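# Architecture and fold: a report
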Amino acid sequence: MRLLFSSLYKTGSEAPGKDGPVLLSSASELSSIGYFQRRTVAEMMLFFSRQFAKGAKDPGQRSSVKEQGYLCHVYVSPAGVVAACFADEEYPTRVAFGYLSKLCEDFLQATGGNLGAARADGAFDVVFQGAHLKLLTQFQDPAQADQLTRIMAELEQTKLVRQHICISPAPSRRANTLVYLQIPAVAPLRPRAREAVPGTARARRAGQSWGAMGLGHPQPAQPPRLVHTHPTWYSPPA
């Protein structure tokens, strides 16, 4: 998408020897066109832009006309200036009119809005030619010159990335097995409750006793008894 040519005209004027208004300033960027065709293309764009500016007189009027495979956008500034530009069909129309509005604003600031002395073509080339060409170069890339266009381009890029992720090939069978492999959960081991020994405080709290368990009350341990045994051949004295 290219912005090729732009020009400014004095509203309601008549250029000497020309069929149309007085040309205030013009600039072109024709590097995309063959060298031997640039002069012819520039003259063609200047001629048609003057004709379209001639019929544009209502302040705030905006129009677009297709001519020779290009679109000519025309904007009438309330300050008495008509701006026209040629761009290819891919160049956003909204950005083109934004460029024309900015061009009129910069021109009026540079000249102070005093257009009374403009009676012939190119009267303000010395004052505004450099700034005109700089602004034309700046708007060659709509995404960089216009904030909204830049945001829309970033959103479109994000959409393309998301589509690329969605249509990416599925992982291999082995990868699926590894991803979806689940390890069965193992119930945690619970500590066994301590068994209550009958006769203890724990057993009494649990309602257990030796008698309830049919064991009777435990007897205290008896000391071992010493039993004397004598051999059969021994007889005690009388």
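Residues numbered from 1 in each chain as written. Predicted model: local features only at pLDDT ≥ 70, side-chain atom pairs only at ≥ 80, totals over all residues. Heavy atoms only, no water.

Turning to the overall build of the protein, a few remarks are in order. For the protein, the helix and strand inventory stands at 7 helices and 5 strands. What you see in the protein, going N to C, is helices and strands ordered as β-β-α-β-β-β-α-α-α-α-α-α. Classification of the 238 residues of the protein by burial places 29% in the buried group. For the protein, the proportion of contacts with a sequence separation of at least 24, taken over those separated by at least 6, is 57%. With the model as given, the accessible surface of the protein reaches about 16800 Å², and the carbon-plus-sulfur share is 57%. (Helix = DSSP H or I, 4+ residues; strand = E, 2+ residues; numbered from the N terminus. Buried < 20%, exposed > 50% of the residue type's maximum accessible area, 1.4 Å probe, protein only. Contact = heavy atoms within 4.5 Å. Areas by Shrake-Rupley, 256 points an atom, 1.4 Å probe, with all protein chains shown as cover.)

Before going further, it helps to examine the confidence of the model for the protein. This prediction gives the protein a mean pLDDT of 77; 63% of its residues lie at or above 70. When mean pLDDT is taken per element in the protein, strand β5 (residues 81-87) scores highest with 95 and helix α6 (residues 173-180) scores lowest with 46. Contacts from residues 173-181, a stretch scored under 50 in pLDDT, to residues over four places away or in other chains number 1 contact. (pLDDT = per-residue confidence, 0-100.)

Applying the stated criterion across every chain, the model contains 0 disulfides. We note that Cys72 lacks a disulfide partner, and the nearest cysteine sulfur, in Cys85, lies 6.8 Å from it. (Disulfide = S-S within 2.5 Å.)

With that out of the way, let us pick up the environment of Ala83. The residue Ala83 is located in strand β5 in this model. Among the residues examined, Ala83 registers a relative accessible area of 0% and is labelled buried. Along the primary structure Ala83 and Ser49 are separated by 34 residues, whereas in three dimensions their C-alpha atoms are 8.8 Å apart.

Before going further, it helps to spend a moment on the packing of aromatic side chains. Any two aromatic rings considered together are summarised by their centre-to-centre distance and by the angle between their planes. Counted by the stated rule, this structure contains 6 aromatic pairs. Between the aromatic rings of Phe47 and Phe48, the centroid separation amounts to 5.3 Å while the plane-to-plane angle is 80°, which identifies the pairing as edge-to-face. What makes Phe47 partly exposed here is its relative accessible area of 48%. An aromatic cluster is built from Phe47, Phe48 and Phe52, whose rings are joined through pairwise contacts. (Phe/Tyr/Trp six-rings, centres within 6.5 Å; stacked < 30°, edge-to-face > 60°.)

What follows concerns the packing of helix α2 (residues 93-111) against helix α3 (residues 125-138). As a packed pair, α2 and α3 sit with axes 10 Å apart at the nearest point and diverge in direction by 155°. By the angle between their axes, α2 is roughly antiparallel relative to α3. Between α2 and α3 lies a crossing whose hand is right-handed. Counting all contacts with α2, which are made through Tyr99, Lys102, Leu103, Asp106, Phe107, Ala110 and Thr111, the residues of α3 involved are Val127, Phe128, His132, Leu135 and Leu136. By residue class, the composition of the contact of α2 with α3 is 8 nonpolar, 2 polar and 2 charged. (Axes fitted to C-alpha atoms, helices over the stretch in contact; angles between N-to-C directions. Parallel < 35°, antiparallel > 145°, perpendicular 65-115°, else oblique. Left-handed = near helix turned anticlockwise from the far one by under 90°. Nonpolar A, V, L, I, M, F, W, Y, C, P; charged D, E, K, R; others polar.)

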